[in-house]
Number of protein chains: 6
Amino acid sequence: MEKASDFETRRARGNALLLKDAPLAIKRFLALDHDAYDDGALPKTTKELLGVVASTVLRCDDCIEYHVRESLEAGTTRDELIEALGIALVAGGSITIPHLRSAMELLEELT
Amino acid sequence: MEKASDFETRRARGNALLLKDAPLAIKRFLALDHDAYDDGALPKTTKELLGVVASTVLRCDDCIEYHVRESLEAGTTRDELIEALGIALVAGGSITIPHLRSAMELLEELT
Amino acid sequence: MEKASDFETRRARGNALLLKDAPLAIKRFLALDHDAYDDGALPKTTKELLGVVASTVLRCDDCIEYHVRESLEAGTTRDELIEALGIALVAGGSITIPHLRSAMELLEELT
Amino acid sequence: MEKASDFETRRARGNALLLKDAPLAIKRFLALDHDAYDDGALPKTTKELLGVVASTVLRCDDCIEYHVRESLEAGTTRDELIEALGIALVAGGSITIPHLRSAMELLEELT
Amino acid sequence: MEKASDFETRRARGNALLLKDAPLAIKRFLALDHDAYDDGALPKTTKELLGVVASTVLRCDDCIEYHVRESLEAGTTRDELIEALGIALVAGGSITIPHLRSAMELLEELT
Amino acid sequence: MEKASDFETRRARGNALLLKDAPLAIKRFLALDHDAYDDGALPKTTKELLGVVASTVLRCDDCIEYHVRESLEAGTTRDELIEALGIALVAGGSITIPHLRSAMELLEELT
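These figures come from a predicted structure and were not determined experimentally.

Caption draft 1: Region of the structure containing the confidence of the model for chain A. Of the residues in chain A, 96% reach a pLDDT of 70 or more, and the chain-wide mean stands at 94. On the interface metric, ipTM, the complex scores 0.94, and its pTM is 0.96.

Written out as structure tokens, the structure is:
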């Protein structure tokens, strides 16, 4: 598990690369993805938990890490995050277990 | 879109069939699935929204319908549900659009 | 649930359509798919059960029906099939439940 | 298989429902999805074929139908479409076969 | 490919972390997942092969490794395992090939 | 990102291992997969782009790398590849972003 600063650096570099010479479709998607989790009818905390669960059942470790970090920063507790992971496990099956393990290691480090 | 009572009847009959002569693994899974959405570190309302999003990105209309109905019954508003569907759309892509359409028809009918 | 004869008719018509003017890639794939479940290092019965579980976790009702029918014809029992479905449920999560329900209805009709 | 006019009507009604009271995230996504297939570094014909293959390996019949209709309208031939479906079959496996059958029925009707 | 003892150690540590402070849903799921592969209407050998195929078509290397190790320990032969992987390849498509390569490397090392 | 020669070496070794003692189903699948991208009703360039998009929405980095390399070798430009990735992003959602990042790093290195 890398440090928060390393995660941010790597993510920023990846996105810069993605935006460089990108067609409009990619630029618009990234802007939309960035804005979608802001407070609205649902608070950002709930939306980030939805992001954690979507990322877990679709099994994308990088996406899980991003939404777990955003959740913690927005004030979500470790217990709430673990409970959300439990929903992902029941919905997505044993196939999600390796991703739950990584998420738990990340929580261990960050909280 | 079938009526709530029809949905319940069909679901109950399907589950009865599933439990009849089922091995312990299936029985335990269904019991676990039933309990997982109860109030805990997260309230049932949030957990049902997690269920809506997991079902949408994994593209299971039957599961979406179940969690939308449970959400409404638990007091979640139409606007909150639509916002959760927006997160599923961004995370899961255009491939989820047909499922959003069905969910909107269901909301149209139920709210 | 349609009758076995109807299922066979519909499947045969669909495959004929698929083979008509099909490029070699499709023809070779269908031939390979047909042969893959024959007795080999594993007996056909086991291979058809593998087909049932792959079809269930990937959530393809048509494929489940095909492999359930083949399994029964090859001598697999209803209990063995339900136990295989239990493995698919644990591996693939609650998202597979609607497919287990259809499979149980099919078994109800066929056994 | 419904008629082109019916498909358009149903799709338009579904999208209208989706846009009604939709949060900005959904509105922006639908606009982006609409524009993404326009001519660019790749011609619309190639991009619609990419849409057909993405829809087939992700197994969304509604999406396949949409991109097949757009492809034909843009001048792609039946043979080119079938060859694209062959790539989807090899990449996505036998699990895509039911979707190839529907696509072939649609092509049978439209060409 | 790590040594069996390393795999066991890493897996045990991951599960311990997962169980620590876990909500009941996660604890019950892990217990169920542990018991589901025991002898029943189907022998453990067949059930582990079902686990290998489910893990391969859902493309989870960690899960494949677990079920391959369990299969070998239960007496399944290398040829039987490779034949099961062939079914996964046909059902899941070329997208599973990298996972078949890892599985073959593991078999090379273990048998 | 490894060098082209390393990628080829690793891939060749993996396939040799896969073919060693493989049952006929695996041998036939690999031959079919090899031939499917040759010129036909669609040129190889288009078919490799279909392979890139299928690999991206199904989220297989190894497969993306293979089809990106084949595309470049067949004369497809960097801009065309990025535009194809944009279609994959819209169809498959934010969950594909980490794979787009890797693909962009590969393009950075190869073009």
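Caption draft 2: Representation of the relation of the copies chain F and chain A in the model. Take chain F, turn it by 120°, move it 0.0 Å along the axis, and it overlays chain A with an RMSD of 0.0 Å. The symmetry that links the two subunits is that of a three-fold axis.

Caption draft 3: Expanded view of the relation of the copies chain A and chain B. Superposing chain A onto chain B takes a rotation of 180° combined with a translation of 0.0 Å along the rotation axis, leaving an RMSD of 0.0 Å. As the rotation angle and translation indicate, the two copies are arranged about a two-fold axis.

Caption draft 4: Molecular detail of the interface of chain A and chain B. The interface is formed by 25 residues belonging to chain A together with 25 residues belonging to chain B. Of all elements in the fold, only α2 (24-35), α3 (44-57) and α5 (78-92) of chain A reach the threshold of two or more residues within the side of chain A that touches chain B. For the side of chain A that touches chain B, the element with the most residues is α5 of chain A, which contributes 10 residues. Considering only residue class, the side of chain A that touches chain B consists of 15 nonpolar, 5 polar and 5 charged.

Caption draft 5: Structural detail: the interface of chain F and chain A. Contacts between chain F and chain A engage 13 residues on the former and 15 residues on the latter. Elements with a minimum of two residues in the side of chain F that touches chain A: α5 (78-92) and α6 (97-110) of chain F. Sorting elements by how many residues they give to the side of chain F that touches chain A places α6 of chain F first, with 6 residues. A per-class count over the side of chain F that touches chain A returns 7 nonpolar, 2 polar and 4 charged.

Caption draft 6: Region of the structure containing the domain arrangement of chain A. All names here are of chain A. Domain assignment breaks chain A into domain 1 (1-35) and domain 2 (37-111). Between the C-alpha centres of domain 1 and domain 2 the distance comes to 19 Å. Taken residue by residue, the interface counts 4 residues in domain 1 and 6 residues in domain 2.

Scoring rules and cut-offs
Numbering of residues begins from 1 in every chain and follows the order in which that chain's sequence is written. To label them, take the chains in the order written and letter them from A, then take the ligands in the order written and number them from 1. Reporting of local features is limited, given that this is a predicted model, to residues whose pLDDT is at least 70; pairs of side-chain atoms are given and counted only at 80 or more, and all residues count toward the totals for whole chains, interfaces and linings. Looking at any residue, its pLDDT shows the predictor's confidence there, from 0 to 100. A least-squares fit on C-alpha atoms brings the copies together, and the residues used are those whose pLDDT is at least 70 in both copies. Here contacts are defined at the residue level, using C-beta atoms placed from the backbone and a cut-off of 7 Å between them. Each helix is a run of H or I in the DSSP string that is no shorter than four residues. Each strand is a run of E no shorter than two, and both are numbered from the N terminus. Any residue that is not Ala, Val, Leu, Ile, Met, Phe, Trp, Tyr, Cys, Pro, Asp, Glu, Lys or Arg is counted as polar, Gly included; the first ten are nonpolar and the last four charged. Throughout, the edges of the domains are those of an automatic or database domain assignment.

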